[in-house]
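Spelled out, the chains give:
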Amino acid sequence: MSKYVTRPFLIILVFFQFYKNAFSQFDKTVAAGNPNEIKAIIKVNALKSNDISAEFTQTKVLDIIMEKLESKGTFKFKKENKIRWEYSSPFQYLVIINGMKIYINDEGKKKEFDVKNNKMFREINKIVVGSVQGNLFENQDYKSRFFENEQVYHIIMQPVNVKMQEYVNEVNLYIDKKDLTLKRLKMSEKSGDYTLVDFHGHRVNHGIPDKVFSPEE
Amino acid sequence: MKKVVKLLLFCALCAKFTSVSTIATAQKNDIYNYLPDLRIDSGKATLYRSSIKLLENEFSGILIVKNMGDLHFRCVFTTETGIKLFDYQIYKNKTKVLYGLGPLKNGMVAKHLGENISMLLPFNLDFKNSVLQTNSVRHKINVKIKKSRYEFQSTDGENLITFKLVKKNKTKLSANYILKNNESSIPWKVNTRSHSFQIHGNFQRIKE
């Protein structure tokens, strides 16, 4: 074949391969053939996971500004209802959910809320715990659709209740097919604004002590 | 009778020597030399790391103030965890709710919260037709506009200048503008306080 045909063809092939590898993980998922099978796989895995920890990068996208608001931190979860979100940059900010209590430490300023007296926090708690455990789709308050590609299971959840849609219009979960860890969580609002949380460096069942979920820690 | 007159004269004499009344009436244009610089270019936004206390509730996060042009400003508040609490549009002194979570959707709450946030906006420091009086001893500047009285106090520290703006009308709104150095009049921190709904706002500029 002429070198004038081969060289551009090779360049295009390399470029295509790069593009495919860079963007394929969360893009282009197709309707899953057997959603019940996916539910069963995720449920079994949720039963086996007693605790999970990971690093995360949170990106908030708002239509009012071009710039994305990015934060980083660590995340810890322990059954049944213990979560620790610790932001390290750009600000020190800590949220602990422990049962029905939420503790916030905002650069030294401490606050405490009761989840059961606060509907908004109750719903957010359900979404976060359900998303992390990968079984949010069992919640009757949400209708779910299942998609997949080679790397991930993609679950789209939408609140059934119209009022709940004011808080969150859609939740997208991307679960890694190999280790069944939550790779990405995307919470979208009706306005189009959304929050993206990417998780990496997962450690499962390595024994997180309860005191980690105490506000004194 | 004589005793009464003597007493009155004595009181008047004491008042003359003890009161710190205004010393001079300055030109109205001078007020702009004292005002904090809150300008935002049209189409641009300023970000504030903020915490707002509203009645017994307190929330913190990022407040984005964007100049939409034609004196319209859009103010969006999102918490650190990415939850958007409100999206208000402020035009002159009126607040329109584009989005609000729970009680932040309420018109009355938005009106009073919008008043506090508007102390971050340039049009609230427009003092046309004002009467300006200065007191150089206490670095106090009084400005009268109709029924509202504004009081400025500038404390000239080494690297910090504070301008306190007290709006003495029904809402009794006050704002404290803290400048980081003597050269720039762009406030580094703004604290607002309103008796309505017991609103306390703390805003620290993080980006333009």
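Residues numbered from 1 in each chain as written. Chains lettered and ligands numbered in written order. Predicted model: local features only at pLDDT ≥ 70, side-chain atom pairs only at ≥ 80, totals over all residues. Heavy atoms only, no water.

(A) Focus on the overall build of chain B. Tallying secondary structure elements over chain B gives three helices and 13 strands in all. Burial status across chain B gives 46% buried among its 208 residues. A separation threshold of at least 6 residues defines the contact pool for chain B, and within that pool the share at least 24 residues apart is 40%. Surface summary for chain B: the accessible area is close to 11700 Å², and the carbon and sulfur share equals 53%. (Helix = DSSP H or I, 4+ residues; strand = E, 2+ residues; numbered from the N terminus. Buried < 20%, exposed > 50% of the residue type's maximum accessible area, 1.4 Å probe, protein only. Contact = heavy atoms within 4.5 Å. Areas by Shrake-Rupley, 256 points an atom, 1.4 Å probe, with all protein chains shown as cover.)

(B) Up close: the confidence of the model for chain A. When pLDDT is averaged along chain A, the result is 83, and 85% of the positions lie at 70 or above. Here residues 18-22 of chain A is modelled with pLDDT under 50, and outside its nearest four sequence neighbours on either side it reaches zero contacts, counting other chains as well. (pLDDT = per-residue confidence, 0-100.)

(C) Looking closely at the interface of chain B and chain A. Chain B puts 23 residues into the contact, and the matching count from chain A is 26 residues. Close ionic contact of Arg74(B) with Asp63(A) constitutes a salt bridge, the shortest N to O distance being 3.2 Å. Among the elements of the structure, strand 2 (45-54), strand 3 (57-69), strand 4 (72-79) and strand 13 (199-207) of chain B are those that each provide at least two residues to the side of chain B that touches chain A. Among the elements that make up the side of chain B that touches chain A, the one with the highest residue count is strand 3 of chain B (six residues). (Salt bridge = Lys/Arg side-chain N within 4 Å of Asp/Glu carboxyl O.)

(D) Geometry of the pairing of strand 11 (residues 182-188) of chain A. All names here are of chain A. Among the seven residues of strand 11, five are classified as buried, and the element is accordingly described as predominantly covered. Bridge count between strand 10 (residues 170-176) and strand 11: six bridges; the pairing is antiparallel. Paired with Leu173 across the strands is Leu185, a residue of strand 11. Counted along the chain from strand 10 to the antiparallel partner strand 11, the turn is five residues long, and its residue Leu180 has a positive phi close to 60°. As paired strands, strand 11 and strand 12 (residues 194-204) are joined by five bridges and run antiparallel to one another. By the bridge assignment, Arg184 is partnered in strand 12 with Asp198. Linking two consecutive strands that pair antiparallel, namely strand 11 and strand 12, is a turn of five residues; a positive phi of about 105° is found at Gly192 within it. (Pairing = 2+ DSSP bridges.)

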